[in-house]
Amino acid sequence: MFDLNGKIALVTGGSRGIGRAVAEALAERGAHVVVGYVRGEDQAREVVAGIAARGGKAELVGFDVSDMTRAEEAVTGIAKRLGRLDILVANAGIAIDALLLRVKEEDIDQVFSVNVKGALGCARGAIKAMMRARYGRVIFLSSVVGETGNAGQAAYSASKAAIIGLSKTLAREYASRNVTVNAVAPGFIDTDMTRAISDAARAELLKGIPLGRVGSGADVAAAVVYLASDEAAYVTGQVLRVNGGMYA
Ligand code: NAD
């Protein structure tokens, strides 16, 4: 089950956090993983070296997903160079948190450029290659707040809700080409993105998680591996929630 030998995968934002855990988990199952990064080249090199040390296959490609045209070209280039692209995990994302009345327009633009246009650009590059191959798995990273909303995250939650709409639309557009498109919606996961949260806020958040703990990158990676696998061939347009029960 969940054998990814012979598959080529791209994970954007694979240098740390959830993306790193996903890159490692896909490689563990046998995929050749392209680790996308923007600034963390040293961290991305470590991820690739770690995968190679465990007998896996991985390489680095640096590009900024917020430049949509460049992102599409970069993904097209990866598919051309490696001959195919079976799995795209559009994971790169940022959060800039502020209440609606305080959020700056440039911050809204930045969040949407990375989280939404970045995902669109990468998907466009990937799906072109997948349509030709009549096989593909696209997995977007949404968030629990894209479904529930969260005070103080107007731009971020709107961007993550957009990802769900995008995912469901692409699922319908490319199903006839055997390309599945799904979103994973993590809850509260322990990464750089959430480490800045105060201890008091963290304790409050934990009260709302029935499983009683913060999630790990590995928890999310397991869901991504499933959606990337042949076993998930009949699953498309879905939102897979990995949130310890905080929203069902
Ligand atoms: P993180 O901040 O640890 O990592 C984000 C990754 O995205 C980094 O590798 C970063 O370099 C990359 N990135 C950021 N901007 C980029 C750009 N312009 N071009 C290319 N790469 C870029 O965050 P994380 O917690 O690992 O989050 C990963 C994804 O999961 C994000 O989409 C995030 O919104 C989503 N998510 C996270 C949580 C959580 O609790 N941590 C919850 C729900 C959803």
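It should be emphasised that the depicted structure is a prediction, and the values quoted were computed from it without experimental measurement.

Rules behind the numbers
Residues numbered from 1 in each chain as written. Predicted model: local features only at pLDDT ≥ 70, side-chain atom pairs only at ≥ 80, totals over all residues. Heavy atoms only, no water. Helix = DSSP H or I, 4+ residues; strand = E, 2+ residues; numbered from the N terminus. Rg over C-alpha atoms; globule rule 2.2 N^0.38 Å. Buried < 20%, exposed > 50% of the residue type's maximum accessible area, 1.4 Å probe, protein only. Areas by Shrake-Rupley, 256 points an atom, 1.4 Å probe, with all protein chains shown as cover. 1 Å grid on protein atoms, 1.4 Å probe; cavity = no way out; pocket = protein on both sides within 12 Å on 5 of 7 lines; lining within 4 Å. Points joined across faces, edges and corners; volume = space filled by probe spheres on them. Contact = heavy atoms within 4.5 Å. Near = heavy atom within 4 Å. Polar contact = N/O pair within 3.5 Å; in protein donor to acceptor, adjacent residues only side chain to side chain. Nonpolar A, V, L, I, M, F, W, Y, C, P; charged D, E, K, R; others polar. Core = buried A, V, L, I, M, F, W, Y, C linked by side-chain atoms within 4.5 Å. Expected span 1.5 Å × (residues − 1). Arc of directions from axis to C-beta. Pairing = 2+ DSSP bridges. Axes fitted to C-alpha atoms, helices over the stretch in contact; angles between N-to-C directions.

Trainee: Before we move on, could you go through the overall build of the chain and cite the residues and values that matter?
Mentor: Counting secondary structure elements, the chain contains 9 helices and 7 strands. Since a compact globule built from 248 residues should have a radius of gyration of about 18 Å, the 17 Å found for the chain is in line with a globular shape. Seen through its C-alpha atoms, the chain measures out along the principal axes to roughly 50 × 35 × 35 Å. In the chain, which comprises 248 residues, the share counted as buried stands at 51%. Of the roughly 11500 Å² of accessible surface on the chain, 51% is carried by carbon and sulfur atoms.

Trainee: Can you explain empty space enclosed by the protein? Please cite residues and give values.
Mentor: Taken as a whole, this structure holds 1 cavity of 30 Å³ or more when the rule is applied. In terms of lining, the largest cavity is formed by 13 residues, of which the most central are A90, A92, V114, N115 and A119. With 5 residues, the single largest contributor to the lining of the largest cavity is helix α4 (residues 105–133).

Trainee: Can you break down the side chain of S113 residue by residue, with the values?
Mentor: Relative to the helices and strands, S113 is located in helix α4. When residues no more than four places from it in sequence are discounted, the contact partners of S113 are V65, S66 and G118.

Trainee: Would you mind going over the site of the ligand in detail, with residue names and values included?
Mentor: As a structural note, the neighbourhood of the ligand is formed by 28 residues, with R16, D64, N91, Y156 and T191 the closest of them. Side-chain polar atom of D64 to a nitrogen atom of the ligand: 2.7 Å apart, as the coordinates give it. For the ligand, the protein covers 96% of the area, taking 830 Å² as the surface of the free molecule. Every element with two or more residues in the shell around the ligand is listed here: α1 (17–28), α6 (154–174) and α7 (192–195). Here the element with the most residues in the shell around the ligand is α7; it accounts for 3 residues. Across the shell around the ligand, the residue classes break down as 13 nonpolar, 11 polar and 4 charged.

Trainee: If you had to explain the environment of A44 to someone new, which residues and values would you point to?
Mentor: Along the chain, A44 turns up in helix α2 (residues 41–53). Among the residues examined, A44 registers a relative accessible area of 0% and is labelled buried. The spacing of A44 and A133 is 89 residues in sequence and 28 Å in space, taken between C-alpha atoms. Setting aside chain neighbours within four positions, we find A44 in contact with S15, V35, Y37 and L60.

Trainee: Talk me through the nonpolar core; I want residue IDs and the actual numbers.
Mentor: Judged by nonpolar contacts, the single largest core of 34 residues is most densely connected at V22, L26, V33, V89, V184 and V220. Per-element accounting of this core gives the leading share, 7 residues, to helix α9 (residues 217–228). Setting aside residues no more than four positions away along its own chain, V184 makes contact with I139, F140, L141, S142, S143, V220, A223, V224, L227, L240 and V242. Listed in part, the 32 residues of the second largest apolar core include V61, I163, A171 and V181.

Trainee: Describe α2, naming the residues involved and giving the relevant values.
Mentor: Between its terminal C-alpha atoms α2 stretches 18 Å, which fits the 18 Å expected from 13 residues at 1.5 Å a residue. Along α2, the positions that sit buried rather than exposed are A44, V47, V48, G50 and I51. Viewed along the axis of α2, the buried residues span an arc of 160°, placing them on a single side of the element. Opposite its buried face, α2 presents the exposed residues D42 and A53, each directed more than 90 degrees away. Close packing links the buried residues of α2 with α1, β2 (32–37) and β3 (57–62). Immediately downstream of α2, the backbone of G55 shows phi near 90°, a positive value.

Trainee: Mind laying out the sheet that holds strand β4 (residues 87–90), listing which residues take part and the relevant values?
Mentor: In space, the 7 strands of this open sheet follow the order β3-β2-β1-β4-β5-β6-β7, with parallel pairing throughout. In this open sheet, the two edge strands, each paired with only one partner strand, are β3 and β7 (239–242). Neighbouring strand axes in the sheet, compared pairwise and without regard to direction, differ in orientation by 20° on average.

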